Amino acid sequence: ELPSLGDNGSSSASLLQHASALVALHPDEATEEIVRQAVKHKIPFVVVPCCVFARLFPNRRNKEGQPVSTYEELLDFLQEQHPSINRTPLPFNGRNIALWSTFS
């Protein structure tokens with residue numbers, strides 16, 4: 001399991017306190033943590049997930065308790081983190097779904 005961005009009073013926790021938004025294009029293993037921290041601190045964010053990394057996160061489960069192993073399941077799982085998270089396709093080929101919220 002990866003350490004939380006806000007753990008131990010680290011400099012990243014200070015960055016989160018002063019962030020006006022979090023933006024991540026294909027953030028790989030950091031995707032879930034970016035969304036979790038955005039939700040926790042109500043920081044507007046946009047992420048464009050790409051890889052699922054199901055083997056690195058075998059304990060990642062959706063609200064039904066099922067493992068998250070496909071791209072679509074990852075998008076659903078991330079949207080489950082807060083009811084205000086939106087899904088928008090971007091105008092380029094490949095993994096082009098943006099998940100975002102302004103928490104307003």
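See the structure printed just above.
Because the structure is a prediction, the values reported are computed rather than measured.

Cut-off values and rules
Residues numbered from 1 in each chain as written. Predicted model: local features only at pLDDT ≥ 70, side-chain atom pairs only at ≥ 80, totals over all residues. Heavy atoms only, no water. Phe/Tyr/Trp six-rings, centres within 6.5 Å; stacked < 30°, edge-to-face > 60°. Lys NZ or Arg CZ within 6 Å of the ring centre and 35° of its normal. Pairing = 2+ DSSP bridges. Helix = DSSP H or I, 4+ residues; strand = E, 2+ residues; numbered from the N terminus. Axes fitted to C-alpha atoms, helices over the stretch in contact; angles between N-to-C directions. Buried < 20%, exposed > 50% of the residue type's maximum accessible area, 1.4 Å probe, protein only. Salt bridge = Lys/Arg side-chain N within 4 Å of Asp/Glu carboxyl O.

(A) Broad picture of the packing of aromatic side chains. Applying the stated criterion across every chain yields a total of one aromatic pair. The residue whose ring lies beneath arginine 60 is phenylalanine 57, and the NZ or CZ to ring-centre distance is 4.3 Å. The positively charged end of arginine 95 is found above the aromatic ring belonging to tyrosine 71, 4.2 Å away from the centroid.

(B) Expanded view of the sheet that holds strand β4 (residues 97–101). With respect to topology, four strands assemble into an open sheet ordered β1-β2-β4-β3, the strand pairing being mixed. Every interior strand has two partners, whereas the edge strands, β1 (22–25) and β3 (86–89), have only one. Between one strand and the next, the sheet's axes are offset by a mean angle of 20 degrees, whatever the strand orientation. Here strand β2 (residues 45–48) pairs with β4 via three bridges, running antiparallel. Note that in β4 the partner of valine 46 across the bridge is tryptophan 100.

(C) Summary view of the side chain of glutamate 32. With respect to the element layout, glutamate 32 can be found in helix α2 (residues 31–41). The exposure class of glutamate 32 is buried, given its relative accessible area of 14%.

(D) Main features of unusual backbone geometry. Of note in this structure, aspartate 28 is not a glycine but carries a positive phi near 55 degrees. Residue position: aspartate 28 is located in the loop between β1 and α2. The residue phenylalanine 53 is not glycine, and still its phi comes out positive at about 55 degrees. With respect to the element layout, phenylalanine 53 can be found in the loop between β2 and α3 (71–79). Using a relative accessible area of 25% as the deciding quantity, one classes phenylalanine 53 as partly exposed.

(E) Region of interest: the pattern of salt bridges. One pass over the full model with this rule turns up four salt bridges. For arginine 36, the salt bridge goes to glutamate 32, with nearest N and O atoms at 2.8 Å. Highlighted residues: arginine 36 and glutamate 32, both in helix α2, separated by four residues, approximately one helical turn. With relative accessibility at 35%, the residue arginine 36 sits in the partly exposed group. Two residues, glutamate 32 and arginine 60, come together in a salt bridge whose shortest N-O distance is 2.8 Å. Here arginine 60 lies in the loop between β2 and α3 and glutamate 32 lies in helix α2, a separation of 28 residues in the sequence.

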